Every structure is written in C-alpha cells, then in structure tokens.
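# Secondary and tertiary structure notes
Residues per chain, in single letters:
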Amino acid sequence: MDAESLRCLLSGDYGLVEDALDKFNKQNAQVFNFTHFTSTGQWVLIWDKLFAYLADPAMPHRVGCLMAIKVLSRDKTYLNESVTADHLNALLRLAGIGPLAVPCDATEEVQVEALKCLSNMIFQSSKCQEMCLGNASTEGIIRRVKMYKEEAYGYDIKYFDMKLLFLQTAINCDIRAMVRDQLHGLVYLVETLDLFMSQAATFKEFSDKDLDLINEVLKVLFNLTVRSADNLVPEEDEASQFHRLVTVLHDLFFYRTLNRDRIVSLHSNIVNLLTSVPVSCYGELVTPLQQQHLQTKHDEGQEVDEEGSNAIPIVPFEGRNAYVLQVLVDFLRRNFQRAEKKSDQYEMLSPVLTVLIKAIRADAIHRRYVRSVILPPLRDVHDRPEVGKELRNYLCSLLTSPCTQIADLSAELLFVLCKENVGRMIKYTGYGNAAGLFANRGLLGGRSTKASEQYSSDSEDSDTEEYKQLQHAINPVIGCYEPPKPNPLEGMSEEQKEYEAMELVKLMDKLQRQGLIQPCKIGEDGRPQAVDHIMELQEEIPEQQRDYKRKT
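Residues numbered from 1 in each chain as written. Predicted model: local features only at pLDDT ≥ 70, side-chain atom pairs only at ≥ 80, totals over all residues. Heavy atoms only, no water.

## Quick word on the overall build of the protein chain
For clarity, the threshold we go by: Numbering of helices and strands starts at the N terminus; helices are DSSP runs of H or I of at least 4 residues and strands are runs of E of at least 2. Contacts are assigned to residue pairs with any non-hydrogen atoms lying within 4.5 Å of each other. Areas reported as accessible are Shrake-Rupley estimates using a 1.4 Å probe. Residue values count occlusion only from the protein chains shown.
Counting its secondary structure elements, the protein chain contains 27 helices and eleven strands. Counting only contacts in the protein chain whose residues sit at least 6 apart along the sequence, the fraction spanning at least 24 positions is 70%. Carbon and sulfur atoms make up 50% of the accessible area of the protein chain, which totals about 28,200 Å².

Okay, structure coming up:
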C-alpha cells in the first residue's frame with residue numbers, strides 16, 4: 001500500500017477514510033497473500049485502526065471497514081497476537097449475536113459483513129476458537145435460530161449464521177457438546193429444517209438459495225450427531241430427537257431442485273448425516289402406503305394429493321413406499337460411476353455403503369427391497385461376478401480393493417443381503433472374492449454364523465431356469481460358468497503323476513522357505529492357520545472328503 005493511501009486510511013478523517021477503504025477493498029478483493037502488508041508492519045497498523053473506527057458510534061462507513069477486516073483476516077500471520085476479546089465482542093454486537101443485554105442497531109448488510117469477518121477469524125485463529133467458548137457467539141446464533149419463525153431475517157444472515165455455527169462445531173469439540181447438550185441445538189436445527197421445507201412445500205421444490213441453506217443446516221447437524229456409534233442405543237429423549245430427525249430427512253428426499261444437478265449435493269449431505277444416526281431410528285425411512293395413495297397412483301410411479309397436484313414419487317413394495325431406499329441405491333450407483341480414481345473410492349462410497357448397511361439391518365423389508373435391486377435372481381453366469389455394470393458387479397469388484405475399509409463395507413453389505421449365509425454369499429460373489437470376509441469372521445470352513453439365526457427361515461432364492469441349467473458347471477471359486485477343460489493328467493502313468501506331484505511340493509516348499517508364500521490350513525476357529533510344512537495340508541484331505549460326502 002502506497003504511503004499516501006495508508007496516510008488517508010489512518011487519518012481519522014472519515015471523508016478521506018471512505019475513499020481509502022473503497023480503494024483498499026477493490027484492490028484486495030481477490031488477494032489471499034498479504035506478505036506485502038505483514039512484512040512492512042502495515043497489517044497491524046491497519047488492523048488496529050479499523051477496530052478503533054468500529055468502536056466510534058459516529059463512524060459512517062461500517063460496511064467498508066468490515067470488508068477491510070474480512071480481507072485482512074485471510075492472513076493469520078499476526079492474527080493470534082493482534083485479536084482481542086474486545087475485537088470479537090464488537091463484531092458479535094454488529095452481527096446481532098452479542099450478549100442479550102446489548103441491543104443491535106446494525107443494518108442487515110453490516111450484520112452479514114460482521115458474520116463474514118467472524119467466520120474468517122475463527123477459521124484462521126486458534127485464539128479466536130478458544131475465545132468463542134467464553135463469549136456469546138454460539139448462544140447468540142442459537143438464540144437467533146429460534147427466532148427464524150417470528151422474525152423475517154434475510155437469506156444472507158441465515159446462511160452465514162449456519163456457516164459460522166458449522167465452523168464452531170467442526171473445529172471445537174467443546175462447542176459441539178455445548179450446542180448439542182446445553183443449548184438444545186439438535187432440536188432447534190431440526191425445527192429450522194422443517195421451517196425451510198414448509199416454505200417450499202407448495203411445489204416441493206427448492207430454489208438454489210433454499211438448497212444452500214438446507215445444506216448448511218445438514219452440515220451442522222452432522223457435526224452435532226457424529227459422536228453416535230453404530231451400536232449406540234440412544235436414551236429416550238435423544239431417541240425421540242433422532243426419530244424426528246430421520247422423519248424430516250425422509251421428507252427431504254421427496255423435494256426437487258430447479259437445477260437438477262444440485263440434487264446430488266442435497267442427497268450427499270443427507271447421506272453423510274444418516275451415517276451418524278443409530279440403526280434403531282432407521283425405520284422412519286420407509287413409510288406405509290395408504291389405500292387412498294394406491295388408488296391415486298400415477299402410471300409413472302407417482303401419487304398425487306387431493307387437489308391433483310404436488311406429485312410425490314412412490315416405489316411400492318410390500319405395502320410400503322420404498323422410494324427413499326431406491327434413491328439411496330441410485331446414489332450408490334451414481335457414485336460408483338463417478339469414483340473412477342482409487343483415491344476417490346473411500347470418500348465417495350463409504351457414507352452411502354454405511355447407510356445402506358444400517359438400513360438393511362434395521363428392518364427385514366428394507367433388506368428384501370435392497371436385495372431385489374442389488375442381488376436379483378441370477379440369470380447370466382458366464383461372466384465373473386466382478387465383471388459387468390450392475391451393482392452386484394461393482395460391489396464384487398470392491399471385495400478385493402486395496403482400500404480395506406471399502407472392501408469390508410462392500411463385503412458386509414453383500415453378506416447381510418445374503419442373510420449372512422456362507423453358501424448364498426459364494427453363489428453371488430464367488431469364494432475367491434469372499435475369502436477375505438470369511439477369513440476375518442472365521443467362516444472359511446463354511447460354518448454358519450450365530451447372527452444368521454436372526455433372519456427368517458423362509459428362502460428368498462428363486463433360481464432361474466438359466467441358472468439351473470448351468471449350475472452343475474459353475475466354479476464356486478470364481479463364481480461363474482467354467483467350460484470343461486481337458487484333464488492335464490490324462491495319458492500319464494502313475495509314476496509320472498507321482499513325479500509331477502512331488503515337483504509341485506518341492507516348488508511350494510521353496511517358495512515358502514523364501515518367504516514368498518505361507519501355506520495355511522483352516523483352523524478350528526474357521527480362520528487361516530499357518531503350517532510349518534506343506535505336507536501338513538494332507539491332514540485335511542480325509543476331513544474334506546467326509547464333509548463332501550455329507551453335503552452330497
């Protein structure tokens with residue numbers, strides 16, 4: 001900043017200050033590197049002077065002053081040592097979220113710029129993050145959130161309220177706990193979702209601004225609920241809050257957007273939030289179909305209200321509307337297509353796989369519907385299970401993914417869809433693809449799990465004629481039809497066969513001694529157990545033969 005501009009900005013003559021602020025803000029609107037200010041000491045001079053101006057009630061250029069603070073707060077070099085509690089309190093007062101006893105006379109534009117400054121400072125400064133535990137910022141935001149129904153706050157104020165609350169709850173665990181447990185933030189934010197949805201209920205369609213607000217609320221709710229474990233049974237009060245939350249999320253799936261591509265962001269945030277919801281609350285995702293709904297159903301799978309408008313999509317299944325499950329399955333399919341790079345797989349697939357696993361564990365109807373989509377009766381078994389463009393193929397291809405978290409999630413989803421039945425899992429995935437799951441769970445010996453007893457005994461298999469015709473020639477290891485091959489031992493004498501067998505033993509022994517392979521047998525616990533010498537594998541042959549005779 002040249003000497004003359006700096007002199008005008010620091011002069012205290014508000015006529016000169018106005019022009020200097022305009023020039024400063026225009027020149028630095030897109031600047032994020034302020035070395036030219038920090039290295040010369042100008043940053044601290046300007047910072048202190050701007051807050052001095054804000055402390056003057058007669059200061060006429062609050063917006064320009066706040067815009068300059070917002071620009072400077074992008075650089076954290078001197079932020080921790082320069083910011084004070086008075087600075088934060090001044091911004092809180094101008095943002096309208098200061099102490100209740102301090103009235104706010106700022107315009108909406110001033111409040112919005114103050115919220116932007118606070119967001120930058122809290123993001124950049126650990127000192128600001130700590131001070132937010134002791135000041136009125138969090139309580140002030142929740143207080144205003146509670147007033148959204150009564151007061152006509154503008155879009156920008158609500159949007160940056162949520163932005164600031166998201167930052168606070170994401171960065172500071174203590175603030176997260178305070179909002180959730182002391183300020184009842186979960187209740188008020190769910191009510192806020194409900195309010196925003198009711199304002200768009202006429203056509204069940206969100207504008208871009210509506211969607212931006214909804215997404216920010218969903219992100220804050222994720223921060224507040226992320227502590228919940230999969231097996232956590234919430235207490236009565238918390239359970240009712242979660243049930244209410246899932247009911248609202250269910251309704252959100254039925255809203256459309258003006259920009260069709262943006263529906264993906266909404267579904268993504270809903271899915272992320274559902275990962276934090278206990279399984280016991282997932283029943284709200286699928287609702288009963290009323291008789292009148294079935295009577296008014298359109299051919300294309302939509303029901304209409306009494307006035308004949310406001311079309312609501314339905315996917316009938318066993319007397320329920322499984323539309324939400326269908327959306328989740330479609331979301332999984334879309335993310336499979338988008339996750340082209342291996343590095344993207346965990347981020348894009350983990351949330352929706354987790355949600356689907358929870359959903360199918362929550363209710364047998366959920367499981368049966370998802371199974372009908374992902375694991376329909378087998379017809380074409382000429383290709384390996386991991387080859388193809390269907391969801392089963394994609395999931396089977398992940399079973400051997402180097403990303404073990406994704407492999408485990410895919411395996412669990414398929415295993416639960418198969419009622420945790422080893423034979424059925426092999427049928428749909430092939431033994432080779434499922435071996436990792438069986439090894440981890442002690443199922444290599446083909447034993448049934450205790451968990452499988454929780455499922456109904458009725459079979460959901462309905463083998464097709466195409467499958468039955470080729471069933472005898474399906475290789476269970478690769479999971480597909482394998483044409484007959486010539487016997488490599490045909491024409492050999494018994495001595496030649498014995499010689500080739502011993503050569504194979506020697507080769508395996510050499511590989512073992514070099515540490516390249518580790519032969520194993522199946523232990524009593526159903527898991528791989530290393531052997532000292534490959535000849536020990538012979539001990540299992542009589543037992544395997546007896547098992548085969550019992551099964552056949």
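Don't stop here, the text continues.
## Considerations on the pattern of salt bridges
Rules: Counted as salt bridges are all cases of a side-chain nitrogen of Lys or Arg within 4 Å of a carboxyl oxygen of Asp or Glu.
Per the stated rule, a full pass over the model turns up 21 salt bridges. Across the pair Glu 318 and Arg 368 runs a salt bridge whose closest N-O atoms are separated by 2.9 Å. Here Glu 318, found in the loop between strand E6 (316–317) and strand E7 (320–321), pairs with Arg 368, found in helix H20 (residues 364–374); they are 50 residues apart in sequence, far enough to count as distant. Arg 361 is paired through a salt bridge with Glu 420; the nearest N and O atoms lie 3.3 Å apart.

## Structural notes on the packing of aromatic side chains
Going by this rule: Each Phe, Tyr or Trp ring (for Trp, its six-membered ring) is paired with any other whose centre lies within 6.5 Å, and the angle between the two planes then decides the class: stacked below 30 degrees, edge-to-face above 60, tilted in between. Summary of the burial criterion: residues with accessible area below 20% of their type's maximum are buried, those above 50% are exposed, and those between are partly exposed, where the area comes from a 1.4 Å probe applied to protein chains only.
This structure, assessed with the given rule, holds 16 aromatic pairs. Look at Phe 24 and Phe 37: their rings are 5.6 Å apart centre to centre, the planes differ by 40 degrees, and that puts the pair in the tilted class. Taken together, the residues Phe 24 in helix H2 (residues 14–27) and Phe 37 in helix H3 (residues 35–38) connect sequence positions 13 residues apart. Here the two residues Phe 24 and Phe 37 agree in accessibility, since each one is buried. The structure contains a cluster of three or more aromatic residues connected by ring pairs, namely Trp 43, Trp 47, Phe 51 and Tyr 78.

## Overview of the sheet that holds strand E3 (residues 287–288)
Put simply, the rule is: Strand pairing follows a simple DSSP-based rule, namely that at least 2 bridges must link the two strands.
Strand order in the open sheet made by the three strands is E3-E7-E6, with antiparallel pairing throughout. In this open sheet, the two edge strands, each paired with only one partner strand, are E3 and E6. Across two bridges, the pairing between E3 and E7 is antiparallel. When the sheet's bridge partners are listed, Thr 287 is paired in E7 with Asn 321.

## Quick look at the environment of Asp 194
Rules: In protein, a polar contact requires one atom able to donate a hydrogen and another able to accept it; more generally it is a pair of N or O atoms within 3.5 Å, and residues adjacent in sequence count only if both atoms are side-chain atoms.
Locating Asp 194 in the fold gives a position in helix H13 (residues 185–199). Expressed as a C-alpha distance, the spacing of Asp 194 and Leu 245, which sit 51 residues apart in the sequence, is 9.6 Å. Here the side chain of Asp 194 touches Arg 244 through a polar contact of 2.3 Å, side chain to side chain.

## Details of the confidence of the model for the protein chain
If pLDDT is low for a region, its predicted coordinates should not be looked at in detail. As a reminder of what qualifies: What pLDDT expresses is the predictor's confidence in each residue, scored from 0 to 100.
Across the protein chain, the average pLDDT comes to 87, with 88% of residues at or above 70. Segment residues 294–300: pLDDT under 50, and nine contacts once partners within four positions in sequence are set aside and those in other chains are kept.

## Here's the deal with the side chain of Arg 392
The condition that has to hold: Positive charge is attributed to Lys and Arg, negative charge to Asp and Glu, and no charge count is given to His or to the chain ends.
The topology assignment puts Arg 392 in helix H21 (residues 391–398). No salt bridge is formed by the buried Arg 392, whose closest oppositely charged neighbour, Glu 386, lies at an N-O distance of 7.7 Å. Looking at Arg 392, its side chain comes within polar contact range of the main-chain oxygen of Tyr 428, at 2.6 Å.

## As for the packing of H13 against helix H14 (residues 208–225)
The criterion, for reference: Orientation is described by axes fitted as lines to C-alpha atoms, over the contacting stretch for helices, and by angles from 0 to 180 degrees between their N-to-C directions. What sets the label is the angle itself: under 35 degrees gives roughly parallel, over 145 gives roughly antiparallel, 65 to 115 gives roughly perpendicular, and the rest give oblique. Each crossing gets its handedness from the near helix: less than a right angle anticlockwise from the far helix is left-handed, clockwise is right-handed. For this classification, the nonpolar set comprises Ala, Val, Leu, Ile, Met, Phe, Trp, Tyr, Cys and Pro, the charged set comprises Asp, Glu, Lys and Arg, and every other residue, Gly included, is treated as polar.
Direction vectors running N to C along H13 and H14 enclose 160 degrees, while the axes themselves pass 10 Å from each other. Compared by their axis directions, H13 and H14 come out roughly antiparallel. Relative to H14, H13 is oriented so that their crossing is left-handed. Contacts between H13 and H14 involve Gly 185, Leu 186, Leu 189, Val 190, Thr 192, Leu 193, Phe 196 and Met 197 from the former and Leu 213, Ile 214, Val 217, Leu 218, Val 220, Leu 221, Leu 224 and Thr 225 from the latter. Residue composition of the contact of H13 with H14, grouped by class: 13 nonpolar, three polar and no charged.

## Digging into the packing of helix H1 (residues 3–10) against H2
Running from N to C, H1 and H2 point in directions that differ by 125 degrees, and their axes come no closer than 7 Å. With respect to H2, the element H1 is oriented oblique. Our pair here, H1 against H2, has a crossing hand that is left-handed. On H2, the residues touching Ser 5, Cys 8 and Leu 9 of H1 are Leu 16, Val 17, Ala 20, Leu 21 and Lys 23. Per-class residue counts for the contact of H1 with H2 are six nonpolar, one polar and one charged.

## Some points on the nonpolar core
Under the convention used in this document: By convention a nonpolar core is built from buried Ala, Val, Leu, Ile, Met, Phe, Trp, Tyr and Cys residues, the set being connected through side-chain atoms within 4.5 Å.
Counting residues in each nonpolar core, the largest one holds 154 residues, and the members touching the most others are Leu 252 and Phe 438. No other element matches the nine residues that helix H18 (residues 323–338) contributes to this core. Those residues in contact with Phe 438 that lie beyond four places of it in its chain are Phe 415, Val 422, Met 425, Ile 426, Tyr 431, Leu 443, Leu 444 and Gly 526.

## Focus: helix H4 (residues 42–54)
Given 3.6 residues per turn, any residue in an α-helix points the same way as the ones three and four places further on. For clarity, the cut-off: Multiply 1.5 Å by the residue count of a helix minus one, and that product is the helix's expected span. Throughout, the arc means the angular range of directions from the helix axis out to the C-beta atoms.
The end-to-end C-alpha separation of H4 is 18 Å, in line with the 18 Å expected for 13 residues at 1.5 Å each. Looking at H4, one finds that the buried residues are Gln 42, Trp 43, Ile 46, Trp 47, Leu 50, Phe 51, Tyr 53 and Leu 54. Looking straight down H4, one finds that the buried residues subtend no more than 155 degrees of arc, so they occupy a single side.

## Re unusual backbone geometry
The phi dihedral of His 184 falls on the positive side, at around 55 degrees, and the residue is not glycine. As for its placement among the helices and strands, His 184 is situated in the loop between helix H12 (173–182) and H13.

## Things to note about helix H26 (residues 494–513)
The terminal C-alpha atoms of H26, which comprises 20 residues, lie 29 Å apart, in line with the 28 Å expected from a rise of 1.5 Å per residue. Of the residues flanking the end of H26, it is Gly 515, one or two places downstream, whose phi is positive at about 80 degrees.

## Structural notes on the side chain of Gln 111
Mapping Gln 111 onto the fold places it in helix H8 (residues 108–124). Looking at Gln 111, its side chain comes within polar contact range of the side chain of Arg 144, at 2.9 Å. With near-sequence residues (within four places) excluded, Gln 111 lies in contact with Leu 94, Ala 95, Gly 96, Cys 104, Ala 106, Arg 144 and Ile 157.

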